[in-house]
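Read off the chains here:
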Amino acid sequence: MRILLLASAFNSLSQRLYAELRDRRHTVDVRLAGDDDGLRASIAALEPDLLLAPMLRTAIPEDVWSALTCLVVHPGPPGDRGPSSLDRAVQEGAADWGVTVLQAEAAMDAGPVWASAPCALPALGKSDLYRNEVSDAAVRAALLAVERFAAGSYAPQPQHGPSWREPVRVRPLLRQEERRIDWAAEPTGAVLRKLRAADSRPGVLDTLCGGDWYLHGGHPEPLLRGRPGELVATRAGAVCRATRDGAVWIPELRRRRVPGGPGPVKLPAVTALGDALPPLPEVAAPLMADQGARPVWTDIAYREEGPVGFLRFAFPGGAMATDHCRRLRAAYRFALGRPTSVLVLGGGRDFFANGIHLNVIEAAPDPAAESWANITAMDDLVEEVLTTTDRLVVAALGGNAAAGGMMLALAADEVWCRSGAVLNPHYRLMGLHGSEYWTYTLPRRVGPAEAERLTRRALPVSAASAERIGLVDRVLDCGPQEFGAAAARLAGLLAASPTAQRRTAAKKAAREADEAAKPLAAYREEELAVMRRQFFTPESPYHALRAAFVHKRPVPAGLLAGT
């Protein structure tokens, strides 16, 4: 069929559905919402059989949905209505949820239901759940709805009448008044639910260090204490804030916008506060915790199971600033000093990595210089992985990966990913050539022609397609909560394999042969020569594209034409 995807942003779910529908040989085009005349022009040009809206903040025009079947993916179970469904579910502590695909009509979320799918909601952040459990359910429901529409015989179920047995809940937008935290009165669990319900957007508006800030994300702290509302420590760029009966770690902050001023960006909390942050102790978490120790929040952790080492990292939004890269490189070197034969990089749920930290770069006094520091730190990390020849390295992608984060994964000997992951192995949409040794690793994996196609077309790749073209070696068909354990079992089998030692020896010989043919330093020098021009040339499209991405502004027309 010909399907038009209409979305307010080409986000993770939109990208996943785009890739999954194309895998099923549908003709798919994407239109961003907000320009109704442009939408009508796209419909006239494509003549779609169906319009599918996986992520929509505005209503579809009546003349469109009355003439063309328009299916909306709503992140709530049947009968749930309103613009803050998932936010409210997380803030209220719902354990079970769902996704509904319904037909667009005049009343929002009230049209007949074409399909639905249930999902669990573990006690995690909204954005993590949206990219994982909710995304899995949304894809199941959307693909079923498309199949039913294509069959032509299915009658969608109206949300009224004697056959409709689900309770109808119309709930309004979750505003800051309901998100506000009373630090002196609310227990830690309630504070965490509010923080997690707003982790990516809009954040929780609060007063901190004499200013108005949006708080993004939250993790429990088992030991530190203080007066409710006060900051008590820092760790890895996050701040720890005391609650009535405990404390929470807040990784990121965004300053409240001043009328007429530029739009502030979300940054690591310590970076955002800057000189306003009072002197606080940096309470580091042990990289390798003692067995049986109480779990503490940290963004980088190492553990072992027999001959397998696991180096996990989880950076907000998958973005890796200069400091993230340097700390992860130090942790990787620590892991290399351990007596293991297999090292698993990643293995957690949600994002693997998305490359350099565009928000930190945008907020830096000299964005070009910060871009350079960030990419060279990223290259240093990738080089460590590429030159590891005494053990096998596995990149385990529990969630999405893009740009330099995808190339970090390709530096490993094997790449495993969860079936729900969306991969974007390209840099073009940010106007960059890219580094991280991709000119060595990507063609070696998929061949020069496929590498050129992936980087030029700059389209999302599903896990299944990635396995088919050789971008990844194994797809694990499991839920996000099961991925870590599944990857650990496979890594144990890999370490126990009778061929593991031979593979390690062959890997060392291949690396030496490749180095003799063309040193890694040559790939790096060639890549960075282009990147230097793109970073330090003021009229480079990178700067305008980065600003548009960071500040959520439309990309200026024609800006990508020459990239």
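A quick note: this is a predicted structure, and the numbers were derived from the prediction, not measured.

Draft legend 1. Main features of the overall build of the protein. From N to C terminus, the protein includes 20 helices and 25 strands. Over its C-alpha atoms the protein spans a radius of gyration of 24 Å, differing by no more than 12% from the 24 Å that the globule rule assigns to 563 residues. With respect to the three principal axes, the spread of C-alpha positions in the protein is 70 × 60 × 50 Å. Taking all 563 residues of the protein together, 55% fall into the buried category. Excluding contacts between residues fewer than 6 apart, the proportion of contacts in the protein whose partners are at least 24 apart in sequence is 68%. Accessible surface for the protein amounts to roughly 24,000 Å². Of this, 54% is attributable to carbon and sulfur atoms. Separation between the mean location of the 66 positive side-chain charges and that of the 64 negative ones in the protein comes to 1 Å.

Draft legend 2. Up close: the packing of helix α14 (residues 438-446) against helix α19 (residues 520-536). The N-to-C vectors of α14 and α19 enclose an angle of 110 degrees; their axes lie 8 Å apart at closest approach. Relative to α19, the element α14 is oriented roughly perpendicular. Only L520, Y523 and E527 of α19 make contact with α14, whose side of the interface consists of W438, T439 and Y440.

Draft legend 3. Main features of the packing of aromatic side chains. Evaluation of the coordinates by the stated rule reveals 11 aromatic pairs. A ring pair is formed by F313 and F352, whose centres lie 5.2 Å apart and whose planes are at 65 degrees; its orientation type is edge-to-face. Residue F313 is located in strand β18 (residues 308-313), and its partner F352 is located in the loop between β19 (342-346) and α11 (358-363); the two are separated by 39 residues in the primary sequence. Chaining the aromatic ring pairs together yields one cluster made of W114, F149 and Y154. Sitting over the face of the ring of F549, K552 holds its NZ or CZ atom 5.8 Å from the ring centroid.

Draft legend 4. Highlighting the packing of helix α1 (residues 12-23) against helix α6 (residues 133-151). α6 packs onto α1 with a crossing angle of 40 degrees between their chain directions and a minimal axis gap of 10 Å. By the criterion of interaxial angle, the relationship of α1 to α6 is oblique. The chirality of how α1 crosses α6 is right-handed. Contact residues: α1 offers L13, R16, L17, E20 and L21, while α6 offers S135, D136, A138, V139, A142, L143 and V146. For the contact of α1 with α6, the per-class residue count stands at eight nonpolar, one polar and three charged.

Draft legend 5. Spotlight on the pairing of strand β1 (residues 2-7). Within β1, five of the six residues are buried, leaving the element largely enclosed by the surrounding structure. Relative to strand β2 (residues 27-32), β1 runs parallel, the two being bridged by six bridges. Each bridged residue has a counterpart across the sheet, and for L4 the counterpart in β2 is D29. For the crossover that starts at β1, traverses α1 and ends in the parallel β2, the hand is right-handed. Where β1 meets strand β3 (residues 50-55), four bridges bridge the pair, whose relative direction is parallel. The partner of I3 across the bridge, within β3, is L50.

Draft legend 6. Quick peek at empty space enclosed by the protein. All told, the structure shown has five cavities of 30 Å³ or more when counted by the stated rule. Its volume calculated, the largest cavity comes out at about 80 Å³. Residue lining of the largest cavity: A236, G237, A238, P251, E252, P268, W297, D299, P316, H324 and H357, and that is the complete set. Each pocket or cavity is described by its volume, and for the second largest cavity that value is around 50 Å³. Taken together, F313, A314, G346, G347, G348, R349, D350, F351, F352, A396, G398 and G399 make up the full set of residues lining the second largest cavity.

Cut-off values and rules
Residues numbered from 1 in each chain as written. Predicted model: local features only at pLDDT ≥ 70, side-chain atom pairs only at ≥ 80, totals over all residues. Heavy atoms only, no water. Helix = DSSP H or I, 4+ residues; strand = E, 2+ residues; numbered from the N terminus. Rg over C-alpha atoms; globule rule 2.2 N^0.38 Å. Buried < 20%, exposed > 50% of the residue type's maximum accessible area, 1.4 Å probe, protein only. Contact = heavy atoms within 4.5 Å. Areas by Shrake-Rupley, 256 points an atom, 1.4 Å probe, with all protein chains shown as cover. Lys, Arg positive; Asp, Glu negative; His and termini not counted. Charge placed at Lys NZ, Arg CZ, Asp CG, Glu CD. Axes fitted to C-alpha atoms, helices over the stretch in contact; angles between N-to-C directions. Parallel < 35°, antiparallel > 145°, perpendicular 65-115°, else oblique. Phe/Tyr/Trp six-rings, centres within 6.5 Å; stacked < 30°, edge-to-face > 60°. Lys NZ or Arg CZ within 6 Å of the ring centre and 35° of its normal. Left-handed = near helix turned anticlockwise from the far one by under 90°. Nonpolar A, V, L, I, M, F, W, Y, C, P; charged D, E, K, R; others polar. Pairing = 2+ DSSP bridges. Right-handed = clockwise from strand over helix to strand, strands pointing away. 1 Å grid on protein atoms, 1.4 Å probe; cavity = no way out; pocket = protein on both sides within 12 Å on 5 of 7 lines; lining within 4 Å. Points joined across faces, edges and corners; volume = space filled by probe spheres on them.

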